[in-house]
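Analysis of the macromolecular model
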Amino acid sequence: MPCAAGAAAGAGAGWSAYRLSRALARDTGGAAPRHGELVGSAGTVVTAIPADGYGEVLLRLGGQPVKYAATADGPVALGAEVWVTATPSSTSVGVRAVER
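A brief structural summary.

Cut-offs applied
- Residues numbered from 1 in each chain as written.
- Predicted model: local features only at pLDDT ≥ 70, side-chain atom pairs only at ≥ 80, totals over all residues.
- Heavy atoms only, no water.
- Helix = DSSP H or I, 4+ residues; strand = E, 2+ residues; numbered from the N terminus.
- Rg over C-alpha atoms; globule rule 2.2 N^0.38 Å.
- Buried < 20%, exposed > 50% of the residue type's maximum accessible area, 1.4 Å probe, protein only.
- Contact = heavy atoms within 4.5 Å.
- Areas by Shrake-Rupley, 256 points an atom, 1.4 Å probe, with all protein chains shown as cover.
- Lys, Arg positive; Asp, Glu negative; His and termini not counted.
- Charge placed at Lys NZ, Arg CZ, Asp CG, Glu CD.
- Pairing = 2+ DSSP bridges.
- Axes fitted to C-alpha atoms, helices over the stretch in contact; angles between N-to-C directions.
- Polar contact = N/O pair within 3.5 Å; in protein donor to acceptor, adjacent residues only side chain to side chain.
- Core = buried A, V, L, I, M, F, W, Y, C linked by side-chain atoms within 4.5 Å.

**Some points on the overall build of the protein chain**
Looking only at helices and strands, the protein chain has 1 helix and 5 strands in total. Counting from the amino terminus, the protein chain carries its helices and strands in the arrangement α-β-β-β-β-β. Computed over its C-alpha atoms, the radius of gyration of the protein chain comes to 24 Å, more than 25% above the 13 Å expected for a compact globule of 100 residues. Referenced to the eigenvectors of the C-alpha coordinate spread, the extents of the protein chain come out at roughly 80 × 25 × 20 Å. Each of the 100 residues in the protein chain was classed as buried or not, and the buried ones make up 21%. In the protein chain, of all internal contacts separated by at least 6 residues, the share reaching a separation of at least 24 is 43%. Counting only carbon and sulfur atoms, one obtains 58% of the accessible surface of the protein chain, whose full area is about 6800 Å². Positive and negative side-chain charges in the protein chain, numbering 8 and 7 respectively, have mean positions lying 18 Å apart.

Set out below in structure tokens:
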């Protein structure tokens, strides 16, 4: 008798695990963030941006910190807060300094 109860409990747990895994496999609501979604987001300059070249900014993409090469219309100092205005490539962004 105890063996039958164990088999029934195991079968029930297996069926529940199967149903849960199928439900998770069908879930399509968590799409990965895309590079173009950075436009309008805020970041911080981690390498100063010269007027005619690239610096680096730290942004958050999908909740993770990511460092991008960045250009701006004018020089932007280290530590300045910036807004992303463009995403010309998958590894660079255009920014403007936030004025407070």
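**Describing the sheet that holds strand β1 (residues 42–47)**
The strand order β1-β2-β3-β5-β4 describes a closed barrel built from 5 strands, whose pairing is mixed. When strand polarity is set aside, the average angle formed by the axes of neighbouring strands in this sheet is 55°. Relative to strand β5 (residues 92–97), strand β3 (residues 64–71) is paired through 3 bridges, and the arrangement is parallel. Across the sheet, residue Thr71 finds its bridge partner in β5, namely Gly94.

**Considerations on the side chain of Ser41**
Within the secondary structure layout, Ser41 lies in the loop between α1 (2–26) and β1. A polar atom in the side chain of Ser41 sits 2.6 Å from the backbone oxygen of Leu38. Setting aside chain neighbours within four positions, we find Ser41 in contact with Val82, Trp83 and Val84.

**Examining the pairing of β3**
Pairing geometry for strand β2 (residues 55–61) and β3, over 7 bridges, is antiparallel. Bridge pairing links Leu61 to Gln64 in β3. Remark: 2 residues form the turn of the hairpin made by β2 and β3, two consecutive strands paired antiparallel; Gly62 in that turn has positive phi of roughly 65°.

**A short note on the nonpolar core**
Ranked by size, the top nonpolar core spans 13 residues in total, and within it Ile49, Val57, Leu59, Val93 and Val95 carry the most contacts. If we skip the residues at most four places from it in the chain, Ile49 touches Gly55, Glu56, Val57, Ala70, Thr71, Ala72, Gly74, Pro75, Val76 and Val95.

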